[in-house]
Amino acid sequence: MKSLLFALLLLFWQAPAVERQYFLYQRSVVPAGAGLNCAVLDAETFAHASASLKDVRIFPQTAQAHEVPYVIALSESAQLDSEPARVLNSGLKGRSLSFDLAMPHRPYTEVVLDLDGTDYIAAATVTGSNAPGAQGGTRLGEFTLFDLSSQHLSRSTTLPLQESSFPYLHVELNITPAPGTRSFQVSPVMVRGASVPPSREAQTIFEEAAETRAITQRGRQTVASFHLPQRVPVERVTFELSPTYKGNFSRDVTISDYATGTPASSGETISGTIFRVHLSQAGREIHQQRLNLPATLGSNLQSSAEVEVAVENGDDQPLPITAVRLEMRQRRLCFDAQSTDALTIFYGDAALLPPHYDFSRTVSITNQVPLARLGPEQKNPVYTPRPDTRAATERHPELIWVVFLAVICILGVIALRSSRHLPR
């Protein structure tokens, strides 16, 4: 009975075998040395591999058929989200506003203050200590915060620090109205809160997914368009300006994407602002700029996508944008190399299931792992289309009826033979 059941399972399901001739694409990878290595994956790999890179395999460049275990890692630490910092001991003396921040128990390099009010310039003096208050603390620097809304410029309330881990920060804000502001009231309620992003050492590294230098003007918009292959992830949009342009600006940006072949209205839209403020006001030097926006696009994971990036110029002259880039978080393919001999990465076999290696549970990946050199993508010279591995019932639906009729016949014969032994 068990043998019959096993035969039926083989009839209706067959697991696809991992064989090199069934991969459509390949590329070489040369380790930096023996031991743990990582290779940075590019957009081409995501476009031609299966979803979630489930069909990626590594083999030695020999006749040996054994796979080399690997793990795919993001080039960042586990700390990804901002955390709140609690505001304590707010006080006001003239136009000088002071308060303490209870910081998260981890290293940090930035503090983003949530300040109420508009049209002001503030000199922020920051001191780190092991207890609330500035006494006996370590001075971390003086920074300029501002809101120049009435001048159609942006605002910045971020304290850019050297990496620190003090449990408390003492902040003193000397606030003055921006030029042209008639009335401005300073009060402790201006400080509504604070957040602490990941340290710069823990933040994400990005790789280019697509770039265009074909920038066009459409009415009051500066527009860049992309055709993004399927499965290529995008998490940020970056703008490049002419190096000769030194002007200040603040422009709203909309990023739209929709699946190829569908109406544009079926997609999604992301909004943000890019800006640059380089000027001297109220005796303070202000040097701030942001030329990239976080943008996680959804439709590109399901199919190829059309992406449009539009900068709203309003009544101002268009920005001299020379390039727009779609960027993805850097993903690395990490493996243990036995030597410096080149290996081959294969992908492009959609029938395969994701691999399961013990290697992924035993290895620790950091950003200091040596980088292997990834070669250009090539078609597999021995590629052969995989035989039809669908279940037998899918390839031959008539088998269901044959088996069904055979079972009816067998049951009929059994019933007929049993009826002969019944008493008349």
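A brief structural summary. If you're wondering where the values come from, they're calculated on a predicted model, not measured in any experiment. (Residues numbered from 1 in each chain as written. Predicted model: local features only at pLDDT ≥ 70, side-chain atom pairs only at ≥ 80, totals over all residues. Heavy atoms only, no water.)

### A look at the overall build of the protein chain
When you go through the protein chain residue by residue, the secondary structure sums to five helices and 27 strands. Counting all 424 residues of the protein chain, 40% fall into the buried class. Put simply, of all contacts in the protein chain between residues at least 6 apart along the chain, 81% involve residues at least 24 apart. Carbon together with sulfur atoms contributes 54% to the accessible area of the protein chain, which is approximately 23100 Å² in total. (Helix = DSSP H or I, 4+ residues; strand = E, 2+ residues; numbered from the N terminus. Buried < 20%, exposed > 50% of the residue type's maximum accessible area, 1.4 Å probe, protein only. Contact = heavy atoms within 4.5 Å. Areas by Shrake-Rupley, 256 points an atom, 1.4 Å probe, with all protein chains shown as cover.)

### A word on the state of the cysteines
One pass over the structure, following the stated rule, counts one disulfide. Between C38 and C334 runs a disulfide, and the two sulfur atoms are separated by 2.0 Å. Here C38 and C334 share a disulfide; its torsion about the S-S bond, 105°, makes the bridge right-handed. Note that C38 is positioned in strand 2 (residues 35–40) and C334 in strand 24 (residues 331–337), a separation of 296 residues in sequence. On the basis of relative accessibility, which here comes to 0%, the residue C334 falls in the buried class. (Disulfide = S-S within 2.5 Å.)

### A short note on the packing of aromatic side chains
Counted under the stated rule, the structure contains five aromatic pairs. Ring geometry for F59 and F346: centres 5.8 Å apart, planes at 70°, overall edge-to-face. Within this pair, whereas F59 is found in strand 3 (residues 57–60), its partner F346 is found in strand 25 (residues 343–347), the two being separated by 287 residues in sequence. The same class applies to F59 as to F346, namely buried. Their ring planes at 35° and their centres at 6.3 Å tell us that Y245 and F249 sit as a pair that is tilted. Using a relative accessible area of 23% as the deciding quantity, one classes Y245 as partly exposed. Each member of the aromatic cluster is reached from another via a ring pair, and the members are F23, F59 and F346. Here the guanidinium or amino end of R20 rests over the ring plane of F59, the centre of that ring lying 4.9 Å away. (Phe/Tyr/Trp six-rings, centres within 6.5 Å; stacked < 30°, edge-to-face > 60°. Lys NZ or Arg CZ within 6 Å of the ring centre and 35° of its normal.)

### Focus: the nonpolar core
Taken as a class, soluble globular proteins show a tendency for nonpolar side chains to be buried jointly. In terms of nonpolar packing, the biggest core is built from 53 residues, with F239, I255, V309, L326 and F335 touching the most fellow members. Residues M103, V111, Y120 and V196 belong to the second largest nonpolar core, which totals 27 residues. (Core = buried A, V, L, I, M, F, W, Y, C linked by side-chain atoms within 4.5 Å.)

### Section: the sheet that holds strand 24
In a beta sheet, neighbouring strands pair by backbone hydrogen bonds and run either parallel or antiparallel. The antiparallel open sheet is built from three strands, whose spatial order is 2-24-4. In the strand order of this sheet, the two ends are held by strand 2 and strand 4 (70–74), each with one partner. Averaged over all pairs of adjacent strands, the angle between strand axes in this sheet comes to 30°, irrespective of strand direction. Looking at chain direction, strand 2 and strand 24 are connected through six bridges and run antiparallel. Along strand 24, the bridge assignment pairs N37 with F335. (Pairing = 2+ DSSP bridges. Axes fitted to C-alpha atoms, helices over the stretch in contact; angles between N-to-C directions.)

### Brief notes about the pattern of salt bridges
Counted under the stated rule, the structure contains 19 salt bridges. Across the salt bridge formed by R27 and D42, the nearest N and O atoms sit 3.0 Å from each other. Highlighted residues: R27 in strand 1 (residues 25–30) and D42 in the loop between strand 2 and helix 2 (43–48), separated in sequence by 15 residues. Judged by its relative accessible area of 25%, D42 falls in the partly exposed class. Across the salt bridge formed by R192 and D116, the nearest N and O atoms sit 3.7 Å from each other. Of this pair, R192 sits in strand 13 (residues 191–196) while D116 sits in the loop between strand 7 (108–115) and strand 8 (120–129), and the two are 76 residues apart along the sequence. On the accessibility criterion, R192 (52% relative accessible area) is exposed. With relative accessibility at 37%, the residue D116 sits in the partly exposed group. A single network of salt bridges, built from pairs that share partners, joins E211, R213, R236, E240, R325 and E327. (Salt bridge = Lys/Arg side-chain N within 4 Å of Asp/Glu carboxyl O.)

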